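Next come the chains, spelled out residue by residue.
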Amino acid sequence: MKTPTAHPTPLTTVIMTALMLFSMFFGAGNLIFPAMLGAEAGTNTGPAIAGFLATGVLMPILAVIALAVTGRDLTALASRGGPLFVLLFPPLVYLSIGALYALPRTGSVSYAMAVEPYLDSFGIEAGPLPLIIFAALFFGLSFALAMNPTGIVETLGKYLTPALVLLLAALIAVSYFTLRTPAAAPVEDYATGAFATGFVQGYLTMDSLAGLAFGIIVIASLQSRGITGRGELLRGVAASGVIAGLLLGAVYLGLAYIGSHLENGQGYKDGAALLTEAASLTMGRAGAVMFGLIVLLACLTTAVGLIGATSSFFAELIPAISYRTWAIIFTLLAFVLASFGLEGLMSFAIPIITTLYPPAITLVVLTLIEAALRAPWLRLTHRLALWVAVVWALLMTLSSHGVGTNVISPLISWAPGHANDLGWCLPTLIAAALGLALDVVFRRPRTR
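Residues numbered from 1 in each chain as written. Predicted model: local features only at pLDDT ≥ 70, side-chain atom pairs only at ≥ 80, totals over all residues. Heavy atoms only, no water.

Undergrad: Teacher, can you tell me more about unusual backbone geometry here?
TA: Excluding glycine, most residues fall at negative phi; most peptide bonds, likewise, are trans. One non-glycine residue with positive phi stands out, namely Met206, at about 65°. Counting through the fold element by element, Met206 comes out in the loop between α9 (194-201) and α10 (207-224). Of the residues examined, Met206 reaches a relative accessible area of 4% and is grouped as buried. (Helix = DSSP H or I, 4+ residues; strand = E, 2+ residues; numbered from the N terminus. Buried < 20%, exposed > 50% of the residue type's maximum accessible area, 1.4 Å probe, protein only.)

This is the structure we're talking about:
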């Protein structure tokens, strides 16, 4: 009897899936954050961008791979934290990166950066009506593209992503040969803790959370192309993730270079204004228009991915409501929020995101360690570490927003990295070590 031969995952499938994953990760925030990091870090851009790449590239790709290890979805992955964790964590992740924040932000940011600056050229006065019209068109197109979740590979991979990559490559290449201003001295936290500051800045991309959500689309896309074996599927996800990660890393390095070498880069209020000016300086009016197209494509591809991922998750969570119905609900909600402003929403959503990131990183790292050691019995290791990460992150968030600071600060400020928002790391590591010791003592195989 012959042993079945393992067939390699088709290269074209891997590349198309990698382009899809890149396009879903890469939104407007991914443009503006590394550029501003380069400007503010200045001569310390190297360690700062290294920290940014850790949470903006490495962790999102590891999140997708960790999801593939479970062979299912975020709910299966989160089950390691226990019943309460699995009840709360996955819905909060999908809502924070979906309809309540990131999805409407794609519409409002793309309008502000790619449309609003050019309204005067057409004699149109800026106001609520142009924004509403744009948001309706933007989210209508996003909804249409997201209607076939397994067809997102073809839609994004064949058309939108190559255009996005070409536009980015042109802007970065021209900037590299034309922007020669020496990097300035680093400002604020980049002067003393460049890596740690860059690490936390990577949170703002929200991609580590998004990776936990997008993994289900990557898996579904590969399965729709006949890749169903567990080993082959995991290799396909890993290969696609590595390619997408290399693309993201290259783009971030290029954008950070632009920020660090643009004259008076630290004088711009944000990365959007900085990159708009860089495009105008390097390529004139055509450069500004090109930058607008980059932003629009980046936001559109991200919106499609968010609609697909959140709708798939909630359709499985509540089967009585179909994928299409969820997509309609989230698209309409995003349209409304994008049309009427996001300032209040952002102040509400950002504390949730900063609280979710430590347990998300902990979950991904422990899942991969569990897989590498072939140790599904690490039950208490997961639960203790995850809940310490949750509680510590929540205390950090409350304290930073002035809630119970006098009581909370003395309790948590002793932890190394507290000043750089990394105080949760050591307590979580201690909890994981304690959980590991208990798991070894009371070792019981766990069935999933």
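Undergrad: Help me out: how do you make sense of the packing of aromatic side chains in this one?
TA: Each aromatic ring pair is described using two quantities: the centre-to-centre distance and the angle formed by the ring planes. Taken as a whole, this structure holds 19 aromatic pairs when the rule is applied. Relative to Trp414, the ring of Trp392 lies with its centre 5.7 Å away and its plane at 90°, an arrangement referred to as edge-to-face. Of the two residues, Trp392 sits in helix α15 (residues 379-400) while Trp414 sits in the loop between α16 (405-412) and α17 (425-441), which places them 22 residues apart along the sequence. For Trp414, a relative accessible area of 48% puts it in the partly exposed group. In textbook terms, an aromatic cluster arises when at least three aromatic residues are bridged by ring pairs, as seen for Tyr94, Phe313, Phe314, Trp326 and Phe330. (Phe/Tyr/Trp six-rings, centres within 6.5 Å; stacked < 30°, edge-to-face > 60°.)

Undergrad: I would appreciate a short explanation of the nonpolar core in the present structure.
TA: Most often, soluble globular proteins have nonpolar side chains that are buried together. One finds Leu21, Phe26, Leu31, Phe89 and Ile258 to be the most contacted residues of the largest nonpolar core, which totals 131 residues. Per element, the largest residue contribution to this core is 21 residues, and it comes from helix α12 (residues 271-317). When sequence neighbours within four positions are dropped, the list of residues in contact with Leu21 reads Ile61, Val64, Phe214, Val218, Ser240, Gly241 and Ala244. (Core = buried A, V, L, I, M, F, W, Y, C linked by side-chain atoms within 4.5 Å. Contact = heavy atoms within 4.5 Å.)

Undergrad: Teacher, can you tell me more about helix α1 (residues 11-25) here?
TA: Residues three or four positions apart in an α-helix share a direction because the helix packs 3.6 residues into each turn. Taking 1.5 Å as the rise per residue, α1 with 15 residues should run 21 Å; its terminal C-alpha atoms sit 21 Å apart, in good agreement. Among the 15 residues that make up α1, twelve are buried, leaving the element largely enclosed by the rest of the structure. (Expected span 1.5 Å × (residues − 1).)

Undergrad: Sorry if this is basic, but what is going on with the side chain of Ser142 here?
TA: Turning to its location among the elements, Ser142 is positioned in helix α7 (residues 128-145). What makes Ser142 buried here is its relative accessible area of 0%. Of note is the side chain of Ser142, whose polar atom sits 2.9 Å from the backbone oxygen of Phe138. Among all residues touching Ser142, those that are not within four sequence positions of it are Leu300, Ala303, Val304 and Ile307. (Polar contact = N/O pair within 3.5 Å; in protein donor to acceptor, adjacent residues only side chain to side chain.)

Undergrad: When you look at α10 in this model, what are you seeing that I'm missing?
TA: Between its terminal C-alpha atoms α10 stretches 24 Å, which fits the 26 Å expected from 18 residues at 1.5 Å a residue. Of all bends in α10, the biggest is about 40°, found at Ala213. Among the 18 residues in α10, 15 count as buried, and that is most of the element. Gly226, located one to two residues past α10, shows a positive phi value of around 90°. (Bend = angle between axes of the 7 residues up to and from the residue.)

Undergrad: Can you help me understand the pattern of salt bridges in this one?
TA: Two side chains carrying opposite charge are able to pair once their charged atoms lie near each other. Inspection of every chain in the model, using the stated rule, returns one salt bridge. As a salt-bridge pair, Arg80 and Glu370 come within 3.2 Å of each other at their nearest N and O atoms. Taken together, the positions of Arg80 in the loop between α4 (74-78) and α5 (83-97) and Glu370 in helix α14 (residues 343-373) put the pair 290 residues apart, joining distant regions of the chain. For the pair formed by Arg80 and Glu370, the shared burial category is buried. (Salt bridge = Lys/Arg side-chain N within 4 Å of Asp/Glu carboxyl O.)

Spatial relationships are all this shows, so hold off on functional conclusions.
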